[in-house]
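# Fold and contact review
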Amino acid sequence: MPETIQDISKNCITYRAHLPGAGVFQCSITGLSFEVKSAVTITYRYATWTRHLSEADQDMWVPAGPLFHIEVQPEVVQAVHLPHFICLAGDVDTSLCIIAHFKSGKMTPERPTRLIAFSAVLENPSFSLLGVLWRKLRSAFNSFPMHSLVLIFQQLSAANTTLHLYLIPDDNSVKQAIEKQEMNWNSKLIPKPPPLNPLFFGSTYRVTSTNSVVITPEAHLPFCYKSPEEQQLFVEIYIRNTAEEIGFLMTDAGKGTVVWRASLRSGDVNLPAPVSQTLSGAAFLKKHKTELCSRMSQLSTILLHLRDANVINSDEEEEVRHQDTNKKRNRVLLELAEKKGLNAQEQLYHILQMKDPFLIADLEKHT
């Protein structure tokens, strides 16, 4: 897990990985990987394509993964694995793939050393801004199959049950931006599987339900790439009664084929008061303190969100990180939130709902 640094002035997160020796490191947050031949510190963060691609380049190329700003000592990294979301199964023309390398504000295309599932490999790289692009073909633009994600969030402060459903390429920078926005809207992630098969940019997909729900503004979602800085497209689903299981389908609007299906059960959502028997955040943390000390994970991400929300400061973050075991770090964090009061405990509970919903759901079964 890399060290995470919040840069408030630039409104971005920087990651720093201290690698102790030769080997392979994969970032669990971004999917970025490095093969190094000696000990080194690597600093990297997401950048945005729209800020760096010229209009002419945007007409010619489509992003196929995140853009990264990478800083590292020269000649130590033997290869970098840059994440992409192109599905390579079947007859895909991989010659259309390049790695964009930005130098002095100008893009230089480089051929990847090899293209494998979910990443493009570049050996003996030099670093600045790097990311994977795919060349557009006017006659067959829709023929590129993409790995995708369906993200569903419940708005906890909305009337009855209100969901936001997103369809996005499998790009962690876009997913992270959506999670941050939804957290600001007091929402909780409801994990569901991705689409059954690869999807296609330029196609439109229709969301329907087996039950009576209200979908706005309309049930159709275009599948496209939007920069993490832009507002992502979603449909709002209003459910008056969640007592019974609700089925959702997504179909290709042109072909009529089902590309995704999922079921929403009463245990997936927080029921509105006074029906809900769910504990408050503070009561939940107190009741399950022992289990949380043992089972809470993704601590770096949790601390980052708490810093971002001004719940803890840098000294308090360091106090947590300084503990020598995960269990001790978790206990110190929980006690710190308890000392800070109800707001801090509610913030921590909300972050856990977003980042580790399976743990929360499992513990709530015993509430």
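Scroll up to find the structure.
Predicted model, so just to flag it, every value in this text is computed and none were measured.

Quick notes on the rules
Residues numbered from 1 in each chain as written. Predicted model: local features only at pLDDT ≥ 70, side-chain atom pairs only at ≥ 80, totals over all residues. Heavy atoms only, no water. Helix = DSSP H or I, 4+ residues; strand = E, 2+ residues; numbered from the N terminus. Rg over C-alpha atoms; globule rule 2.2 N^0.38 Å. Buried < 20%, exposed > 50% of the residue type's maximum accessible area, 1.4 Å probe, protein only. Pairing = 2+ DSSP bridges. Axes fitted to C-alpha atoms, helices over the stretch in contact; angles between N-to-C directions. Contact = heavy atoms within 4.5 Å. Salt bridge = Lys/Arg side-chain N within 4 Å of Asp/Glu carboxyl O.

## Observations regarding the overall build of the protein
- Along its length, the protein carries 10 helices and 23 strands.
- Its C-alpha atoms give the protein a radius of gyration of 22 Å, within 12% of the compact-globule value 21 Å for 367 residues.
- With the principal axes as the frame, the protein shows a C-alpha extent of 60 × 55 × 35 Å.
- For the protein, buried positions account for 48% of its 367 residues.

## Regarding the sheet that holds strand β15 (residues 161-169)
- Across the sheet, five strands lie side by side as β16-β14-β15-β21-β19; this open sheet has antiparallel pairing. Of all the strands in the sheet, the pair left with one neighbour each is β16 (187-189) and β19 (214-216). In this sheet, neighbouring strand axes are inclined to one another by 25° on average, regardless of whether the strands run parallel or antiparallel.
- The pairing of β19 with strand β21 (residues 234-239) spans three bridges and is classified as antiparallel. Its bridge partner lying in β21, Thr216 is registered against Glu236.
- Packing of helix α9 (residues 342-355) onto the sheet brings it into contact with β14 (148-155) and β16, and relative to β16 it is tilted by some 35°.

## Examining the pattern of salt bridges
- By the definition in use, this model includes 15 salt bridges.
- Note that Glu245 and Arg265 form a salt bridge whose closest N and O atoms lie 3.5 Å from each other. Remark: Arg265 occurs in the loop between β23 (258-264) and α4 (281-287) and Glu245 occurs in the loop between β21 and β22 (246-252); sequence separation between them is 20 residues.
- According to the relative accessible area criterion, Arg265 is partly exposed, its value standing at 43%.

## Describing the sheet that holds β22
- Sheet architecture is open: four strands sit in the order β20-β18-β22-β23, paired in antiparallel fashion. Strands at the two margins of the open sheet, each flanked by one partner only, are β20 (220-222) and β23. The average angle at which neighbouring strand axes cross in this sheet is 20°, direction not considered.
- In the sheet, strand β18 (residues 204-209) pairs with β22 via five bridges, with the strands oriented antiparallel. Each residue of the ladder has a partner; that of Thr208, found in β22, is Leu249.

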